[in-house]
Amino acid sequence: MADILIIDDDRDLVNSIRVILESKNHSVRTAYNGKEGYAKIEEKSPQLILLDVMMATDTEGFDLAYKLRRNSAYSEIPIIMVSGFPQKMAEMGSESFQHIMGEEWPVSQFLEKPIDPEKLLAAVDNLLK
């Protein structure tokens, strides 16, 4: 059983992911934006973070992931980025995200929305090993 923090502004999605994870006896905490998420991480380091990309800004999730990677207290926490981001990138063109792509990815794994529960659980299990 792991302590998992979900950071996503889509409350319906957060609730459905919570149900999936709790069905496997994980302890789930939630935050609805990057600032709230960071505060919960400072309160108690989770064993895994599920993080949305686009919240208040198109890159809020990436900004938080980079902030965590640069902080030695949190740099080892695995992050699964959950997003419709590849679809958004296809719509907007990759040049819109070049400032992100130039850096090393700050996340352990990417899952595209809508989330497949089996893929989610496999990714969680894999990263918690």
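Quick look at the structure, then. Values in this document were obtained by computation on a predicted structure and should not be read as measured data.

**Section: the overall build of the protein**
Looking only at helices and strands, the protein has 6 helices and 5 strands in total. Counting from the amino terminus, the protein carries its helices and strands in the arrangement β-α-β-α-β-α-β-α-α-β-α. Relative to its 129 residues, the protein shows a buried fraction of 47%. For the protein, restricting intrachain contacts to residue pairs at least 6 apart in sequence, the fraction spanning at least 24 positions comes to 71%.

**Points about the sheet that holds strand β3 (residues 48-52)**
In space, the 5 strands of this open sheet follow the order β2-β1-β3-β4-β5, with parallel pairing throughout. If you trace the sheet from one side to the other, it starts and ends with β2 (27-31) and β5 (109-112), each paired once. Going from strand to strand, the sheet's axes swing by 20 degrees on average, the running direction of each strand aside. Bridge analysis of β3 against strand β4 (residues 79-83) gives 4 bridges, and the strand direction is parallel. Opposite L50, over in β4, you have I80 as the bridge partner.

**A short note on the packing of aromatic side chains**
The geometry of an aromatic ring pair is captured by two quantities: the separation of the ring centres and the angle between the planes. Enumeration according to the criterion identifies 1 aromatic pair in this entry. Between Y38 and Y74 the ring centres are 5.9 Å apart and the planes differ by 85 degrees, which places this aromatic pair in the edge-to-face class. Residue Y38 is found in helix α2 (residues 34-43), and its partner Y74 is found in the loop between α3 (60-69) and β4; the two are separated by 36 residues along the sequence. The ring of Y32 is capped by R11, whose NZ or CZ atom sits 3.7 Å from the centre of that ring. The ring of Y38 is capped by K67, whose NZ or CZ atom sits 3.9 Å from the centre of that ring.

**Comments concerning the packing of α2 against α3**
Direction vectors running N to C along α2 and α3 enclose 25 degrees, while the axes themselves pass 10 Å from each other. In this view, α2 runs roughly parallel relative to α3, as classed from their interaxial angle. Considering the relative orientation of α2 and α3, their crossing is right-handed. Taken together, the residues of α3 that come into contact with α2 (itself represented by G34, K35, Y38 and I41) are E60, L64, K67 and L68. Here the residues of the contact of α2 with α3 sort into 4 nonpolar, 1 polar and 3 charged.

**Description of the pattern of salt bridges**
The final tally for this structure, using the stated rule, is 5 salt bridges. With a shortest N-O distance of 3.1 Å, R29 and D3 are connected by a salt bridge. Of this pair, R29 sits in strand β2 while D3 sits in strand β1 (residues 3-7), and the two are 26 residues apart along the sequence. Take R29 and D3: they sit in the same class, and that class is buried. Close ionic contact of E22 with R18 constitutes a salt bridge, the shortest N to O distance being 3.5 Å. Of this pair, E22 and R18 both sit in helix α1 (residues 11-22), 4 residues apart, roughly one helical turn.

**Structural notes on helix α6 (residues 117-128)**
With 12 residues, α6 ought to run about 16 Å at 1.5 Å a step, and its terminal C-alpha atoms sit 16 Å apart, in line with that. Along α6, the residues classified as buried are L120, L121, A123 and V124. Projection of α6 onto a plane perpendicular to its axis shows the buried side chains occupying an angular sector of 160 degrees, all on one side. Exposed and oriented more than 90 degrees from the buried face of α6 are E118 and K119. If you follow the buried residues of α6, they end up packed against β1, α1, β3, β4 and β5. The backbone nitrogen of E118 has a side-chain oxygen 2.8 Å away, supplied by the residue at the start of α6, namely D116.

Cut-offs applied
- Residues numbered from 1 in each chain as written.
- Predicted model: local features only at pLDDT ≥ 70, side-chain atom pairs only at ≥ 80, totals over all residues.
- Heavy atoms only, no water.
- Helix = DSSP H or I, 4+ residues; strand = E, 2+ residues; numbered from the N terminus.
- Buried < 20%, exposed > 50% of the residue type's maximum accessible area, 1.4 Å probe, protein only.
- Contact = heavy atoms within 4.5 Å.
- Pairing = 2+ DSSP bridges.
- Axes fitted to C-alpha atoms, helices over the stretch in contact; angles between N-to-C directions.
- Phe/Tyr/Trp six-rings, centres within 6.5 Å; stacked < 30°, edge-to-face > 60°.
- Lys NZ or Arg CZ within 6 Å of the ring centre and 35° of its normal.
- Parallel < 35°, antiparallel > 145°, perpendicular 65-115°, else oblique.
- Left-handed = near helix turned anticlockwise from the far one by under 90°.
- Nonpolar A, V, L, I, M, F, W, Y, C, P; charged D, E, K, R; others polar.
- Salt bridge = Lys/Arg side-chain N within 4 Å of Asp/Glu carboxyl O.
- Expected span 1.5 Å × (residues − 1).
- Arc of directions from axis to C-beta.
- Polar contact = N/O pair within 3.5 Å; in protein donor to acceptor, adjacent residues only side chain to side chain.

Functional significance is not addressed by these values, which are geometric in nature.
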